[in-house]
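Each chain is listed here by its residues.
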Amino acid sequence: MAGLLLAVPGISVAASEATPPSAAERAFAEEQARDYGLDADAVLAILAKAEYQQSIIDAISRPAEAVKPWKDYRTIFLTPQRRDGGIAFYRDNRELIEKAAAEFQVAPSIVVAIIGVETSYGKITGKYRVLDALSTLAFHYPPREKFFRGELSQLLRLNDGHLAYPIEELRGSYAGAMGWGQFMPSSIAKFARDYDGDDRIDLWNSLPDIVASIACYFEGHGWEQNGPIAVRAQPAEGAREITPANSEPVYPLEQLIAWGYEPAEKLDPQRPATLLKLDGESGPEYWITFQNFYVITRYNRSPMYAMAVKQLSEQIAAGVEGAGP
């Protein structure tokens, strides 16, 4: 995104005098001035407009991924309403979706599924002011304050006229994610695209910008066009116990097969893969996952999230194909 902000426009420095800034806020403002050329007083002025929200701390302390097993988590996202909504959204916007997917070499149904999982196709984009969310987490949530201070810094630097709305007006999730695709400020800076040609990034009201930005995100994280995402695996008796640290594909598929995990489909034995075990309705589910599954976890690191996106995208693709041209 071109042109970094040198001062926060439209904010009176006097506004920051009502409530004295904390030491952490002063240090943050000085860092923005030193590292990015922002005006420290203007940064403090805009921080003075932020309001602490205890509900944000409560929400981030207990995300659904941490407390629900897969058999319960999947029912949140894999519903007839979300499937049918995705099919309708794809069909209503087929030309745009397929154009952007082809340009960025991403599966179109994955782009649609992300929008479905994140915001139910734009119906639920978040009720919190992004400024409140990021400030609350940056200065009142020590476990991840470094991350959220970085996102708050990036939000300030996005206030350069390229976003469709002033940053004080933006609303999103409790974590500060924005728009139909729930982009954090750093993702907006790296991957958001002006796809409708109006010289602004609008992830709330411009479908071209929304769709292309998500597609660009997947391209930027290494999506393999037409590559597999995940396949079911049948463990042999006495199969080696494997507990990978994350979803990065670090084993050749043939190694997993040698350890006792037979994939349901024939694939290149040299393809990098890893193993995922989920708590399913009928007991443990074993999945062999690949690069594209890992890419989905770059959007949200929960493997259950990635599996929900995968399965919803398959339902959407099947429904669109079955519905005819």
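Parameters at a glance
- Residues numbered from 1 in each chain as written.
- Predicted model: local features only at pLDDT ≥ 70, side-chain atom pairs only at ≥ 80, totals over all residues.
- Heavy atoms only, no water.
- Salt bridge = Lys/Arg side-chain N within 4 Å of Asp/Glu carboxyl O.
- Helix = DSSP H or I, 4+ residues; strand = E, 2+ residues; numbered from the N terminus.
- Buried < 20%, exposed > 50% of the residue type's maximum accessible area, 1.4 Å probe, protein only.
- Pairing = 2+ DSSP bridges.
- Contact = heavy atoms within 4.5 Å.
- Axes fitted to C-alpha atoms, helices over the stretch in contact; angles between N-to-C directions.
- Core = buried A, V, L, I, M, F, W, Y, C linked by side-chain atoms within 4.5 Å.
- Expected span 1.5 Å × (residues − 1).
- Arc of directions from axis to C-beta.
- Parallel < 35°, antiparallel > 145°, perpendicular 65-115°, else oblique.
- Left-handed = near helix turned anticlockwise from the far one by under 90°.
- Polar contact = N/O pair within 3.5 Å; in protein donor to acceptor, adjacent residues only side chain to side chain.
- Phe/Tyr/Trp six-rings, centres within 6.5 Å; stacked < 30°, edge-to-face > 60°.
- Lys NZ or Arg CZ within 6 Å of the ring centre and 35° of its normal.

Residue-level account of the pattern of salt bridges, with values.
Going through the model one piece at a time under the given rule, you end up with nine salt bridges. Across the pair R271 and E224 runs a salt bridge, and its minimum N-O distance is 2.9 Å. Of this pair, R271 sits in the loop between strand 5 (261-263) and strand 6 (272-280) while E224 sits in the loop between helix 12 (207-220) and strand 3 (230-235); the two residues are 47 residues apart in sequence, bridging distant segments of the chain. Note on E224: relative accessible area 32%, which makes it partly exposed.

Give a detailed account of the sheet that holds strand 4 (residues 251-252), specifying residues and quantitative values.
Taken together, the five strands give an open sheet; going across it, the order is 4-6-7-3-5, and neighbouring strands pair in antiparallel fashion. The two strands at the open ends of the sheet, each matched to only one other strand, are strand 4 and strand 5. Relative to strand 7 (residues 283-289), strand 6 runs antiparallel, the two sharing seven bridges. Residue L278 lies in a different strand from strand 7, and its bridge partner there is E285. Against the sheet, helix 5 (residues 70-77) makes contact with strand 6 and strand 7, and its axis sits at roughly 95° relative to strand 6, the strand it touches most. Along the sheet, helix 15 (residues 303-322) makes contact with strand 3, strand 6 and strand 7, crossing strand 6 at roughly 95°.

Can you tell me about the nonpolar core, naming the residues and giving the values?
One finds L152, I188, I214, F218 and I296 to be the most contacted residues of the largest nonpolar core, which totals 89 residues. Element by element, the count of residues in this core is highest for helix 15, at nine residues. Dropping the residues within four chain positions of it, I296 is found in contact with I110, F218, W223, I229, Y305, A306 and V309. Judged by nonpolar contacts, the second largest core, of 12 residues, contains A233, I242, Y261 and A273.

Give me helix 6 (residues 80-92): which residues, what numbers.
Between its terminal C-alpha atoms helix 6 stretches 18 Å, which fits the 18 Å expected from 13 residues at 1.5 Å a residue. Among all positions in helix 6, only R82, G86, I87, F89 and Y90 are buried. Taken around the axis of helix 6, the buried residues stretch over an arc of 165°, which confines them to a single face. Helix 6 presents Q81 and D92 as exposed residues on the side facing more than 90 degrees away from its buried surface. Turning to helix 6, the residues buried within the fold contact helix 5, helix 7 (94-104), helix 8 (108-119), helix 12 and helix 15.

How would you summarise the packing of helix 1 (residues 23-36) against helix 2 (residues 40-47) if you had to cite specific residues and measurements?
One way to put it is that helix 1 packs onto helix 2 with a least axis distance of 8 Å and a crossing angle of 135°. On the basis of their axis angle, the class for helix 1 and helix 2 is oblique. Read as a crossing pair, helix 1 and helix 2 show a hand that is right-handed. On helix 2, the residues touching E25, R26, F28, A29, Q32 and A33 of helix 1 are A40, V43, L44 and L47.

Explain the pairing of strand 6 residue by residue, including any values.
Bridge count for strand 4 against strand 6 is two bridges, and the pairing is antiparallel. Bridge pairing links Y251 to A273 in strand 6. Following strand 6, the chain reverses through two residues before pairing antiparallel with strand 7.

Describe the environment of D92, naming the residues involved and giving the relevant values.
Mapped onto the elements, D92 comes out in helix 6. Under the relative-accessibility criterion, D92 is labelled exposed at 64%. Distance in space between the C-alpha atoms of D92 and W180 is 16 Å, their sequence separation being 88 residues.

Account for the side chain of R129, with residues named and values stated.
On the secondary structure map, R129 appears in strand 1 (residues 128-129). A polar contact is formed between the side chain of R129 and the backbone oxygen of E168, at a distance of 3.5 Å. Here R129 is in contact with K49, A50, E51, E168, L170 and R171, once residues within four sequence places are set aside.

Give a description of the packing of aromatic side chains that names residues and reports values.
Applying the stated criterion to the full structure yields 17 aromatic pairs. Members of the aromatic cluster, joined through ring pairs, are F183, F191, Y217, F218, W223 and Y299. It is R144 that lies over the ring of F147; its NZ or CZ is 4.6 Å from the centre. Across from the ring centre of W259, 4.3 Å away, lies the NZ or CZ of R240, which sits over that ring.

Talk me through helix 12; I want residue IDs and the actual numbers.
Counted at 1.5 Å a residue, the expected span for helix 12 with its 14 residues is 20 Å, and the 20 Å between its end C-alpha atoms agrees. Judged by how many residues are buried, helix 12 sits mostly within the fold: 10 of 14 residues are covered. Those residues of helix 12 that are buried lie in contact with helix 7, helix 8, helix 11 (185-191) and helix 14 (291-299). Positive backbone phi, at 95°, marks G222, one or two positions downstream of helix 12.

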